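# Fold and geometry: a report
Here are the chains, one letter per residue:
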Amino acid sequence: MSSMIPPVYDTPVFRMACQQFDLVADFLDIPVNARDRLKLPKRSVSVAMPVRRDDGSTTVFMGYRVQHHLTLGPTKGGVRFHPEVTLGEVAALAMWMSWKCALTGLPYGGAKGGVTCNPRELSTGELERVTRRYTQELIPFIGPQIDIPAPDMGTNEQTMAWMMDTYSLQSGHCVPAVVTGKPVSLGGSLGRREATGRGVAYLVSRAMDTIGIPANGATAVVQGYGNVGSIAASTMARQGIKIIAVSDAVGGLYNAKGIDLAKLDEHVAKTKSVVGFDGGEAITNEQLLLTPCDILVPAALERQITVENASKIQCRILAEGANGPTTPEADAIIAQRPEIFVIPDILCNAGGVIVSYFEWVQDLQSFFWDEGEVMSKLYRILEQSFMQTVNFAKKRKVSMRFAALSLGIQRVHEAKTIRGLFP
Ligand code: GLU
């Protein structure tokens, strides 16, 4: 049974997150009067931000922050700079952060933020002014005990450093715990930059063990060669997996013999894209998704695996590095293809927020861990979450996505029930 969608959030991606929630709520028998309370974002902020451009003109950018629920602690989630950011998209991503944090046992509700802009078309100075203005507008809504932003698509360590600086100037003292994903020199955690991609590769190797594919000779295709996709690719390559295709927002690349990632990284550092690299032939995004391979890693935008291509993808493992890459309609098709093992987004890409949690803990204590400690704690949480999801899926005869969402949603539901409703 579905319930209402407030018009401000009504976008295909928010509908998709609600549709997933409604299916799970039916399955878990969550009482009807608890559903909207669990589903609808607690708070959302929308700001119009005038920013001075390099040519002296002023552009007003729209910025958003959505905090999905406040039941288990402060809220947590990334900030996205992308031309297609909407309030509805940010709300869906915040909802997924809630289920992700609950699945992995982090003491947070979900949040997400975004600015509708194209970071590729902004100078460094303009990006800094957009980031500082956005942070300034959000000062009453963020903080180490309120809501803790982090990087997402289009943002990085530098963005987090500017956010931390802007917030700290207002506070009159240094507040590193207000954001995670900072440079290590400013209180960032060792291993945070690599955490999401390494987590994806770890779970891929667990999935390979589970279904019996040896790493040597296995092939992988990666959509999106940003922070998540590139680290996932290089970590998988170190495990003996051959990366045969990659892509980014501009275009794709294929090489049956395996792409030389070290050379590709040099090319990307110079040109900001995988396109034009001479170690492979050009392919389109659609060709990339349909390339036969053992492991397909969508690590870009939402809604890439759809009714159009779900019956045609040719992989054994679908490892969702992105948030929401597969639509519920595509899920129904993949459910009829038992040869495909899905590592659902809220599990597959959870490495990022797990190490963000470690960063926050280290900042609050001003006591820093070495990389080995960070990584071993990360893999322990991922292992536990993976096994819980596999076992739930087996026992209740549901898909991996359904199992992961059920575990996350059930935990938030229990917490809300025990806390009660005031007054
Ligand atoms: N943006 C990342 C995500 O979608 C990381 C969030 C965080 O570290 O708080 O999970």
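This is a predicted model, so every value here is computed, not measured. Starting from 1, residues in each chain are numbered consecutively following that chain's sequence as written. Residue-level local features of this predicted model are given only where pLDDT is at least 70; pairs of side-chain atoms are given and counted only at 80 or more, and the full residue set underlies all totals for whole chains, interfaces and linings. As a rule here, side-chain values cover all heavy atoms of the structure and leave hydrogens and water aside.

## Details of the packing of helix H13 (residues 371-396) against helix H14 (residues 400-419)
If you want to describe how two helices pack, look at the angle between their axes and the distance between the axes. One way to put it is that H13 packs onto H14 with a least axis distance of 8 Å and a crossing angle of 110°. Here H13 lies roughly perpendicular to H14, going by the angle between them. For the pair H13 and H14, contact is made by Phe386, Gln388, Thr389, Val390, Phe392 and Ala393 and by Met400, Ala403, Ala404, Ser406, Leu407 and Arg411, respectively. Gly falls in the polar group here, along with every residue not listed as nonpolar (Ala, Val, Leu, Ile, Met, Phe, Trp, Tyr, Cys, Pro) or charged (Asp, Glu, Lys, Arg). A breakdown of the residues in the contact of H13 with H14 according to their chemical character gives 8 nonpolar, 3 polar and 1 charged. An axis is simply a line fitted to the C-alpha atoms; with a helix, the fit covers only the stretch in contact. Between two such axes, the angle follows the N-to-C directions and lies from 0 to 180 degrees. Going along the chain from the N terminus, every DSSP run of H or I of four or more residues is numbered as a helix, and every run of E of two or more is numbered as a strand. Geometric relationships in this document are graded by angle, where less than 35 degrees denotes roughly parallel, more than 145 denotes roughly antiparallel, 65 to 115 denotes roughly perpendicular, and other angles denote oblique. By definition in these notes, contact holds between two residues if any of their heavy atoms fall within 4.5 Å.

## Topic: the site of the ligand
Contacts to the ligand come from 14 residues, most closely from Lys76, Lys100, Lys112, Asp152 and Ser356. Pairs of N or O atoms are called polar contacts if they sit within 3.5 Å, as long as, within protein, a hydrogen donor faces a hydrogen acceptor (for residues adjacent in sequence, only side-chain-to-side-chain pairs). Within the contact set of the ligand, an oxygen atom lies 3.1 Å away from a side-chain nitrogen or oxygen of arginine 192. All accessibility values rest on the Shrake-Rupley procedure with a 1.4 Å probe; residue burial counts only the protein chains present in the view. Contact with the protein chains hides 95% of the accessible area of the ligand, taken as 300 Å² for the molecule alone. Residue assignment for the shell around the ligand shows that the elements contributing at least two residues are strand S3 (75-82), helix H3 (87-103), strand S5 (147-151) and helix H12 (351-365). The class makeup of the residues in the shell around the ligand is 4 nonpolar, 5 polar and 5 charged. One heavy atom within 4 Å of a molecule or strand is enough for the residue carrying it to be called near that molecule or strand.

## Observations regarding the packing of helix H6 (residues 192-211) against H12
Where H6 meets H12, the closest approach of the two axes is 7 Å, and the angle between their N-to-C directions is 145°. Relative to H12, H6 is oriented so that their crossing is right-handed. In this structure, H6 contributes Arg192, Ala195 and Thr196 to the contact, and H12 contributes Gly351, Gly352, Val355, Ser356 and Glu359. Grouping the amino acids of the contact of H6 with H12 by side-chain chemistry returns 2 nonpolar, 4 polar and 2 charged. Crossing handedness follows the turn of the near helix against the far one: under a right angle anticlockwise gives a left-handed crossing, and clockwise gives a right-handed one.

## A look at a positive patch on the surface
Only residues whose relative accessible area exceeds 30% and that take part in no salt bridge are eligible for patches, with like-charged residues grouped when within 9 Å of each other and nonpolar side chains (Val, Leu, Ile, Met, Phe, Trp, Tyr) grouped when within 5 Å. Whenever a carboxyl oxygen of Asp or Glu lies within 4 Å of a side-chain nitrogen of Lys or Arg, that contact is scored as a salt bridge. His is not counted here, nor are the chain ends, while Lys and Arg score as positive and Asp and Glu score as negative. All charge positions are set by atom: Lys at NZ, Arg at CZ, Asp at CG, Glu at CD. A surface patch of positive charge is lined by Arg37, Lys42, Arg43 and Arg419. Exposure categories follow from relative accessible area, calculated using a 1.4 Å probe and restricted to protein chains: below 20% of the type maximum is buried, above 50% is exposed, and the middle band is partly exposed. A residue is classified by how much of its surface remains accessible, and arginine 419, at 60% relative accessible area, is exposed.

## A short note on the packing of aromatic side chains
Note on aromatic pairs: the rings of Phe, Tyr and Trp (six-membered ring only in Trp) are paired at centre separations within 6.5 Å, and the planes decide the class, stacked below 30 degrees, edge-to-face beyond 60, tilted for the rest. Within this structure, the stated rule accounts for 11 aromatic pairs. For the ring pair tyrosine 108 and tyrosine 357, a centre distance of 5.9 Å and an interplane angle of 90° mean the geometry is edge-to-face. In this pair, tyrosine 108 is assigned in the loop between H3 and strand S4 (109-116) and tyrosine 357 in helix H12, connecting sequence segments 249 residues apart. Residue classification places tyrosine 357 among the partly exposed positions, given a relative accessible area of 22%. Each ring, one from tyrosine 357 and one from phenylalanine 358, has its centre 5.9 Å from the other, and the planes form 45°; the classification is tilted.

## Quick look at H14
What a helix should span is 1.5 Å times the count of its residues minus one. Between its first and last C-alpha, H14 extends 29 Å over 20 residues, near the 28 Å set by a 1.5 Å rise per residue. Of all 20 residues in H14, 14 are buried, a share of seventy percent or more. Once H14 finishes, glycine 420 follows within two positions and takes phi at roughly 85°, a positive value.

## A closer look at the pairing of strand S1 (residues 43-52)
The two faces of a sheet get side chains in turn, since along a regular strand they alternate between them. Should DSSP find at least two bridges between two strands, the strands are taken to pair. When S1 meets strand S2 (residues 58-67), the two strands line up antiparallel, connected through 10 bridges. Looking across to S2, one finds that valine 51 is bridged to threonine 59. In this structure, the hairpin formed by S1 and S2 is closed by a connection of 5 residues, where glycine 56 is found at a positive phi of approximately 95°.

## Observations regarding the sheet that holds S3
Spatially, S1-S2-S4-S3-S5 is the arrangement adopted by the 5 strands of the open sheet, whose pairing is mixed. Here the strands that pair on one side only, and so sit at the sheet edges, are S1 and S5. Recorded for the sheet is a direction-independent mean angle of 20° between the axes of neighbouring strands. Sheet contacts for helix H4 (residues 124-138): S1, S2, S3 and S4; angle to S1, the most-contacted strand, approximately 140°.

## Thoughts on the environment of serine 98
Looking at the element boundaries, serine 98 is found in helix H3. Judged by relative accessible area, which is 0%, serine 98 ranks as buried. Taking C-alpha positions, serine 98 is 20 Å from alanine 177, a pair spaced 79 residues apart along the chain. With sequence-adjacent residues up to four places away left out, serine 98 is seen in contact with His68, His69, Gly109, Gly110 and Val412. At a separation of 2.9 Å, a polar atom in the side chain of serine 98 contacts the main-chain amide nitrogen of glycine 110.

## Digging into H13
An ideal rise of 1.5 Å per residue puts 38 Å on 26 residues; H13 measures up with 37 Å between its terminal C-alpha atoms. For H13, every residue scored as buried is listed here: Val374, Met375, Leu378, Ile381, Leu382, Ser385, Phe386, Thr389, Val390, Phe392 and Ala393.

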